[in-house]
Amino acid sequence: MKPSCSRRRLLGLLAGGAGWLASLPFARTAKAAVKNVFASAKTPDGYNPTKHHWLMCIDVDRCIGCGLCAEACKAENAVPQSSNYFRTWIERYIIKKPAPGVAALRGDVIVDSPNGGRNGFPPTLVPKAEILKAFFVPKLCNLCEHSPCAQACPVGATFDTPDGVVLVDPTYCIGCGFCIQACPYGCRFMNPDTHTAEKCTLCYHRITRGLQPACVEVCPTKARIFGDLKNPTEKDPLQEFIRHNKVFTLKPHLGTEPRVLYANIDKEVR
Amino acid sequence: MEADLNVLQWSAEVQAALPHVEGYAYPNETHVLWSVLIVIYPYITGLVAGAFIMASLVRVFNVRALAPVYRLALLTALAFLICAPLPLLLHIGHPERCLQVMMTPHLSSPMAMFGFVYAWYMMAVLLLELWLDYRHDFVVWGRTEPGLKGAFYRMLTLGANDISPKALDLDERMSVAVTIIGIPSAFLLHGYVGFIFGSIKANPWWGNVLMPVIFIFSAIVSGIALCVFIYTELSWFRRKDTCDACLDAMGKFLFFALLVDFSVEALDWLHRLYSADESIHVLKQLAAGKLFYTMLIGQLCLGTLIPLGLLGATQLFGAQIPNFVRRRIYYFSALLIMAGVLLMRWNVVIGGQLFSKSLRGFTTFKLELAGQEGWLVGLGLLVLPFLILTLLVRLFLPNEKDQPANTPTIAQLPQLAREGNGADDPAHERPSVAL
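If you're wondering where the values come from, they're calculated on a predicted model, not measured in any experiment.

Student: Quick rundown of the overall build of chain B? Include the residues and the values.
Tutor: What chain B contains, in helices and strands, is 16 helices and two strands. Counting only residues that meet the buried cut, chain B has 46% of its 435 residues in that class. Considering only contacts in chain B between residues 6 or more positions apart, those separated by 24 or more positions represent 79%.

Here it is in structure tokens:
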């Protein structure tokens, strides 16, 4: 019986496959180098995006809604001052007790984010006796594995970097707004001054220089946990976070596979 | 007591800062990004696709009753296609970078296809079809018209002056082939516009597999309605009687296209209501609240049900209805349908941005009068194609005052040409179609 695949052909296929695998790191490095050359904002000399993988996680129980993160983000990234534009913001969730006589575990849910929470949150108008529980949720770009914004951009001005960030090249963006419509989390906006799409960059200009994002830097309760997955430190905060918490992502049914993980979140958070 | 006053004062401040938001919307979503220009863009492309598909009924499906409006439909498609990119160019933040969509398209983006789909439809389908159809006339007009106008027609021949029966027969066969390619291209042109919205899974109002189909059928409906409107108006301007057989045929196609369009949209709603995913509550509130007048009253009642009833009556009792009444029914229905489809685009584009993706609240949209995305610019963009069409009609659809009522149709022309009547001689012009 004639063999369906000769030894010579099999060896050829295996060698080809091995060659393809071996060339992957070089191809990725080359791709990153090319992107670096064409990027409008140059990264510092010596910074190699393939050697890092940045991530931010959120511990909801730690957030006190002080708003320093939103304020620092506005200042650090020159985000327009209007209350319509935020790279990061904080939401307050107030879950009321069920009305008397209603067979339910919880009542109405009230969500607000006055001025993105950047000035903190005033006392709620809901009487304390009616509140079942309340908590704050910081929001930012979810750094999706399958980012719908990058998929939708008609010119590739929005792109995934090798170090795990989704960026916008403002010198290439045509300002169509398709990425803003495609983001399920409302994390993007059209900058009224530059007329280009804008979003959280994890403070790329800072993290590529060994600093932390501005919001992480100013958070007084360490509700935002930031680190480099490829260069874990001893007692790495990200590793500790994932070890000690049950984590969730926002809108998992959309298949965007957000990389930003939330601990201690409630089902009401979208 | 002092604390209570502070709370009240703060609450009033928040309400004053975002008075147009009900419930909770993500902070970046409190204003509508895609405005009236993006409403007009799919409306215009839909009219192009619909008008072309109606013209193709003559060429490919040999619906001879529609021959009087064949050229008018093609010219209408061209006039609107010329204007199709304008709303996009006016809307985008950096129009000077628009060519990047074609130079460096990001192939995973449906919007990146616009340049290619547009160029293909414009150059390979519509202009080619028109040129093949008009080549004989260009040659004849180039010889008979004096001065600049004659030179203009001679230029449009592109040097192809052979109008022998054999050459005209080749034109005809190529024209049919282009139309056959053109039908899927027209579907592609508008199906892709529907896909731009249907592909956005982040937005439950848009992210829907039926969206391209809905857009295609609404395009066909609006395109035929536009042809009814323009044909009636043009006949009135030229003081000529409309061809009742042609209007009846358009009315028939309009009725059935509207029926399919209505069925597909009804299926969409049926599916949404039955599957009832997490967004259904906010979508129901949207339809019954913010979009009550534009969707339930405008799009559904005025733009769909009333025309369906009127056109249905002409189908059922056509013989009993006097001709002049039928003409008015078609005209009135066409106007309602065109307005209804415009409202449908409004409901899709604006409606999809009136609710927050948090599914917890609504924002408000107020159309400004002036400004880049205001009433006036929108109105101008809707009027501009009619102005271009007026010019095209003056240039390419001469008023044949003494033309008999039973003018040979475009589908009969090659046959006449083949019968050998000295086509090279300008004195033996190929007869023009009606209008």
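Student: Could you give an account of the overall build of chain A, with specific residues and numbers?
Tutor: Regarding its fold elements, chain A presents seven helices and 11 strands. Taken along its principal axes, the extent of the C-alpha atoms in chain A is 80 × 55 × 40 Å. Counted over contacts in chain A with a minimum sequence separation of 6, partners at least 24 positions apart contribute 65%.

Student: Before we move on, can you summarise the interface of chain B and chain A with the specific residues and values?
Tutor: Taken together, the 37 residues of chain B in the interface contact 40 residues of chain A. Counting residues per element, the ones that place at least two in the side of chain B that touches chain A are α1 (2-17) and α5 (100-103) of chain B. With six residues, α1 of chain B is the largest single contributor of residues to the side of chain B that touches chain A. A per-class count over the side of chain B that touches chain A returns 19 nonpolar, 13 polar and five charged.

Student: Can you lay out the sheet that holds strand β3 (residues 109-112) of chain A for me, pointing to particular residues and giving the numbers?
Tutor: Residue and element names in this part refer to chain A. A sheet is described by the order of its strands in space; here three strands give the open sequence β3-β2-β4, paired in antiparallel fashion. With partners counted over all chains shown, the strands left at the sheet margins are β3 and β4 (131-139), one partner each. Ignoring which end each strand starts from, the neighbouring axes of this sheet average 15 degrees apart. As defined by bridge partners, strand β2 (residues 89-96) adjoins β3 across four bridges and the pair is classed as antiparallel. The residue of β3 that forms the bridge with I94 is I110.

Student: Pulling in residues and values, what's your account of the packing of helix α2 (residues 36-59) of chain B against helix α15 (residues 375-396) of chain B?
Tutor: All names here are of chain B. As a packed pair, α2 and α15 sit with axes 9 Å apart at the nearest point and diverge in direction by 20 degrees. Between α2 and α15, the angle falls in the class roughly parallel. Considering the relative orientation of α2 and α15, their crossing is right-handed. Here V36, L37, I40 and I44 of α2 come into contact with α15, specifically with G378, L381, L382 and P385. For the contact of α2 with α15, the class distribution of residues is seven nonpolar, one polar and no charged.

Student: Please give an account of the packing of helix α10 (residues 244-275) of chain B against helix α13 (residues 323-349) of chain B that cites residues and values.
Tutor: Residue and element names in this part refer to chain B. Where α10 meets α13, the axes come as close as 10 Å, and the angle between the chain directions of the two elements is 40 degrees. The orientation of α10 with respect to α13, classified from their angle, is oblique. As α10 packs across α13, the resulting crossing turns out to be left-handed. Taken together, the residues of α13 that come into contact with α10 (itself represented by D244, L247, M250, G251, L254 and L258) are N323, R327, Y330, S333 and I337. Of the residues in the contact of α10 with α13, the class split is six nonpolar, three polar and two charged.

Student: Explain the sheet that holds strand β10 (residues 247-248) of chain A to me, using residue names and the numbers behind them.
Tutor: All names here are of chain A. Across the sheet, which stays open at both edges, the four strands sit in the order β9-β1-β11-β10 with mixed pairing between neighbours. Each edge of the open sheet carries a strand with a single partner, namely β9 (224-228) and β10. When strand β1 (residues 54-59) meets β9, the two strands line up antiparallel, connected through five bridges. By the bridge assignment for β9, I58 is matched with R224. Strands in contact with helix α7 (residues 237-244) are β1, β9, β10 and β11 (261-263); relative to β9, the strand with the most contacts, it is inclined by about 125 degrees.

Student: An account of the environment of L148 of chain B is requested, with residue identities and associated values reported.
Tutor: Residue and element names in this part refer to chain B. As for its position among the elements, L148 is in helix α7 (residues 147-156). Note on L148: 8 C-beta atoms within 10 Å, which makes it exposed. In the structure, L148 is positioned 75 residues away from A73 in sequence and 27 Å away in space, judged by C-alpha atoms.

Student: Which residues make up unusual backbone geometry, and what values go with them?
Tutor: All names here are of chain A. With a phi angle near 50 degrees, L143 is a residue other than glycine that sits in the positive phi range. Looking at the secondary structure, you find L143 in the loop between β4 and α3 (148-152). The exposure class of L143 is buried, given the 21 C-beta atoms found within 10 Å. One non-glycine residue, N264, adopts positive backbone phi at about 60 degrees. By secondary structure assignment, the location of N264 is in the segment after β11. Take N264: there are 16 C-beta atoms within 10 Å of it, and that puts it in the partly exposed class.

Student: Help me get a handle on the confidence of the model for chain B, residues and values and all.
Tutor: Residues and elements named next belong to chain B. Across chain B, the average pLDDT comes to 88, with 88% of residues at 70 or higher. Counted against residues more than four places away or in other chains, residues 1-13, with its pLDDT under 50, gives six contacts. Here residues 402-434 is a poorly scored stretch, pLDDT under 50, and it has 56 contacts once near neighbours within four places are set aside; other chains count. Scored as a whole, the predicted complex attains pTM 0.87, and scored at its interfaces, ipTM 0.86.

Student: Tell me about the environment of G65 of chain A, residues and numbers included.
Tutor: Residues and elements named next belong to chain A. Assignment of secondary structure puts G65 in the loop between β1 and α2 (68-77). Each C-alpha atom, one on G65 and one on I110, is 15 Å from the other, the two residues being 45 residues apart in sequence. Filtering out sequence-adjacent residues up to four positions away, G65 remains in contact with I90, R92, G117, G120, F121 and F136.

Student: A description of the nonpolar core should follow, citing residues and the corresponding values.
Tutor: All names here are of chain B. Counting 179 residues, the largest nonpolar core has V48, A77, I224, C227, V228, M250 and L254 as the members making the most contacts within it. Once you skip the residues sitting within four places of it in the chain, V228 turns out to touch L247, M250, L254, Y330, Y331 and A334. V139, W141, I163 and L168 belong to the second largest nonpolar core, which has seven residues in total.

Student: So what's going on with the environment of C83 of chain B? Residues and values would help.
Tutor: Residues and elements named next belong to chain B. Note on placement: C83 falls in helix α3 (residues 70-83). Note on C83: 23 C-beta atoms within 10 Å, which makes it buried. The sequence separation of C83 and I388 amounts to 305 residues, and the corresponding C-alpha distance is 9.0 Å. If we skip the residues at most four places from it in the chain, C83 touches I44, L381, L384, P385 and I388.

The rules behind each value
Residues numbered from 1 in each chain as written. Chains lettered and ligands numbered in written order. Predicted model: local features only at pLDDT ≥ 70, side-chain atom pairs only at ≥ 80, totals over all residues. Helix = DSSP H or I, 4+ residues; strand = E, 2+ residues; numbered from the N terminus. Buried ≥ 20, exposed ≤ 12 C-beta atoms within 10 Å, placed from the backbone. Contact = placed C-beta atoms within 7 Å. Nonpolar A, V, L, I, M, F, W, Y, C, P; charged D, E, K, R; others polar. Pairing = 2+ DSSP bridges. Axes fitted to C-alpha atoms, helices over the stretch in contact; angles between N-to-C directions. Parallel < 35°, antiparallel > 145°, perpendicular 65-115°, else oblique. Left-handed = near helix turned anticlockwise from the far one by under 90°. pLDDT = per-residue confidence, 0-100. Core = buried A, V, L, I, M, F, W, Y, C linked by C-beta atoms within 7 Å.

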